[in-house]
Amino acid sequence: MNHVNFIWNIAESLRGPFKPAEYGSVVLPFTVLRRLDAVLAETKSQVLNVAKATDAMPDMLRHLRLTEASGHQFYNTSPFDFAKLVADPQDLRANLSAHLAGFSENVRDIFERFEFDKTLNKLAEKNKLYSVTEKFAQADFHPKVVSNIQMGLIFEELIRWANERSNETAGDHYTPREVIALMVQLIFALDDEALSKAGVVRSIYDPTAGTGGMLSVADEYLHGMNPGIQLNLYGQDYNDYSYAICKADMVIKGQDVDNIALGDTLTEDAFDDKKFDYGLSNPPFGVDWKDQRAYIDEEHAKLGFNGRFGPGTPAVSDGAMLFLLHL
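Residues numbered from 1 in each chain as written. Predicted model: local features only at pLDDT ≥ 70, side-chain atom pairs only at ≥ 80, totals over all residues. Heavy atoms only, no water.

**Examining the packing of helix α2 (residues 23–39) against helix α9 (residues 129–137)**
And then number 1: Closest axis-to-axis distance for the α2/α9 pair is 10 Å, and the angle between their directions is 45°. Judged by the inter-axis angle, α2 sits oblique to α9. The way α2 lies across α9 gives a crossing that is right-handed. Contacts between α2 and α9 involve Val26, Val27, Phe30, Thr31 and Arg34 from the former and Leu129, Val132, Thr133, Phe136 and Ala137 from the latter. (Axes fitted to C-alpha atoms, helices over the stretch in contact; angles between N-to-C directions. Helix = DSSP H or I, 4+ residues; strand = E, 2+ residues; numbered from the N terminus. Parallel < 35°, antiparallel > 145°, perpendicular 65-115°, else oblique. Left-handed = near helix turned anticlockwise from the far one by under 90°. Contact = heavy atoms within 4.5 Å.)

**A few points about the nonpolar core**
And then number 1: One finds Phe30, Phe111 and Leu123 to be the most contacted residues of the largest nonpolar core, which totals 52 residues.
And then number 2: Every residue in contact with Phe111, bar those within four places of it in the chain, is listed here: Pro29, Val32, Leu33, Leu36, Leu100, Phe103 and Phe116. (Core = buried A, V, L, I, M, F, W, Y, C linked by side-chain atoms within 4.5 Å. Buried < 20%, exposed > 50% of the residue type's maximum accessible area, 1.4 Å probe, protein only.)

**Observations regarding helix α17 (residues 319–326)**
And then number 1: Restricting attention to buried positions, one finds in α17 the residues Gly319, Ala320, Leu322, Phe323 and His326. Seen from one end, α17 has its buried residues packed into an arc of 155°, which puts them on one side.
And then number 2: Where α17 is buried, its residues touch β1 (201–206) and α16 (293–303). (Arc of directions from axis to C-beta.)

Here it is in structure tokens:
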């Protein structure tokens, strides 16, 4: 099955009640949900048993027990999967809510930032919810059928497809793949020999991650050069929807679910205690930093060269330079 075409056909079935620019808000979270359903399938019964046995435990300890049971960094404690959801059309909307609520917080966050509840309500209102859910239930996204790398490529194609149909300013959330490919080739050009060796571990960071395009292309490029390389991908973005897409993409690729952060990198640096092997970014050129000025001026005054802005701060109209200093 060509999964991308299959999902596009589902999107086309939304024509009428949904505008093309809204298709992504349906198919992207549904694709993530279906993939996670498939990934967690083999340990589902074990997780449900542990969930019952640990109900009275403190949250932190219970989370550890449930992740151990699932074999992943996330889990779902609801009794539902796609087969059970479509088997009860009458209660589908309520059951979907219960299923989403059953995810561990680190994954539930993705669907909240997608504002998936609003999408589900609209699908139900327009009598499209069952047909969309039933069609996604037909897609076999089990890791034995679709690897993390293949699933990542499918999701990236869907992201590009959704961006092309979006009415938002493309430059705000999306950098053309050809531009990213050139950046990636340049950043690794002098390290090809070292990166080709066995047992290589590297970290890559994007402080303005958007939907995760740079991290994904870097990941694809390095795995093409060295299939055995271990990559840890990190990113941060302040836009809820972009963050949800990026985090979903990284989860689908099997990356650490906590390596993608939400927030303003300039004022809420999520990784201030870390260093990375590589950093790359398409910072927001032409965007001022007057809203962050008080925080940045304070950091500059207090920390100097022990902070990010030791050399000084640029003109308030040049927010991009702050990200260069940050890197």
